[in-house]
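# Fold and contact review
Chain residues, written in single-letter form:
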Amino acid sequence: MARPKKPRPAIVGALEIRLGAWGPIEVKRLFSGYALYRDGTIFGLVMRERVYFKTNDANRPDYVAAGMAPFQYTRSNGRVIATHHYEVPGFVFDDLDELTEWADKALAVTRGHGLQSDIREVE
């Protein structure tokens, strides 16, 4: 017997509405969360009802200055892995212009990211 699907978190619907003015986004299941796409390119994640956008050296300081941390997970061997996706600060959601600016930067990072690894081990 198939298990019933879990409803999507409210934050996913809110993102679709708020970022819909920025451009059409697509939300797809990814492991225990969701991936955010625009034009077929992933730029963010929703994990544990928190939103994370892709970062690099250009935009990561904005997240760090706001006190935000990267998305991390623990592998079966106990190693903690941190990705280049940082949690989006709450104040960004309050301002649609700010949200679209941060999303633009995350999308640009993804498009120019190349083949560099997306994860790093936390010491």
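Residues numbered from 1 in each chain as written. Predicted model: local features only at pLDDT ≥ 70, side-chain atom pairs only at ≥ 80, totals over all residues. Heavy atoms only, no water.

### Some details on unusual backbone geometry
Using the following cut-off: Exposed residues in this analysis have more than 50% of their type's maximum accessible area, buried residues have under 20%, and partly exposed residues fall in between, with area computed by a 1.4 Å probe over protein chains only. Here a strand is any run of E in DSSP of at least two residues, a helix any run of H or I of at least four, and the numbering for each starts at the N terminus.
Even without being a glycine, Asp39 presents a positive backbone phi close to 55°. Residue classification places Asp39 among the exposed positions, given a relative accessible area of 57%. Phi angles above zero are rare outside glycine, and Glu49 is one such case at about 60°. Summarising the element assignment, Glu49 is placed in the loop between strand E3 (41-47) and strand E4 (50-54).

### Observations concerning the pattern of salt bridges
For the record, the criterion: Every case where a carboxyl oxygen of Asp or Glu lies within 4 Å of a side-chain nitrogen of Lys or Arg is listed as a salt bridge.
If you walk through the whole model with that rule in mind, you get seven salt bridges. Across the pair Glu26 and Lys28 runs a salt bridge whose closest N-O atoms are separated by 4.0 Å. Glu26 gets classed as partly exposed once you look at its relative accessible area, which sits at 41%. Salt-bridge contacts for Lys105 lead to Asp62; the nearest nitrogen and oxygen are separated by 3.5 Å. Here Asp62 lies in helix H2 (residues 60-65) and Lys105 lies in helix H4 (residues 96-111), a separation of 43 residues in the sequence.

### Considerations on the layout of surface pockets
Our working definition: In this analysis, the protein atoms alone were mapped onto a 1 Å grid. Cavities are point sets where a 1.4 Å probe fits without being able to get out; pockets are open sets with protein on both sides within 12 Å along at least five of seven lines; lining residues have an atom within 4 Å of a point. Grid points are joined across faces, edges and corners, and a volume is the space filled by probe spheres set on the points.
The calculated volume of the second largest pocket comes to roughly 180 Å³. Lys6, Pro7, Pro9, Arg29, Ser32, Gly33, Tyr34, Val46, Met47, Arg48 and Glu49 are the residues that line the second largest pocket.

### A closer look at the nonpolar core
As a reminder, the rule being used: Buried residues of nine kinds, namely Ala, Val, Leu, Ile, Met, Phe, Trp, Tyr and Cys, make up a nonpolar core once their side-chain atoms join them within 4.5 Å. By definition in these notes, contact holds between two residues if any of their heavy atoms fall within 4.5 Å.
Counting 23 residues, the largest nonpolar core has Leu19, Leu36, Phe43, Val51 and Phe53 as its most contacted members. If you list the elements that add at least two residues to this core, you get helix H1 (10-20), strand E1 (25-30), strand E2 (33-38), E3, E4, helix H3 (90-93) and H4. With five residues, H4 is the single largest residue contributor to this core. In this structure, Leu36 is in contact with Leu15, Glu26, Val27, Thr41, Ile42, Phe43, Gly44, Leu45, Val46, Val51 and Phe53, ignoring residues within four places of it in sequence.

### Topic: the pairing of E2
Rules: Strands were regarded as paired on the criterion that DSSP finds at least two bridges between them.
Most of E2 is tucked away: six of the six residues are buried. The sheet contact formed by E1 and E2 spans six bridges and is antiparallel. Across the sheet, Arg29 pairs through a bridge with Tyr34, a residue of E2. Between the antiparallel neighbours E1 and E2 lie two residues, among them Phe31 with a positive phi of about 50°. Judged from the five bridges that link them, E2 and E3 form a sheet pairing that is antiparallel. Residue pairing for E3: Ala35 is matched across the bridge by Leu45.

Nothing here speaks to function; it is all geometry.
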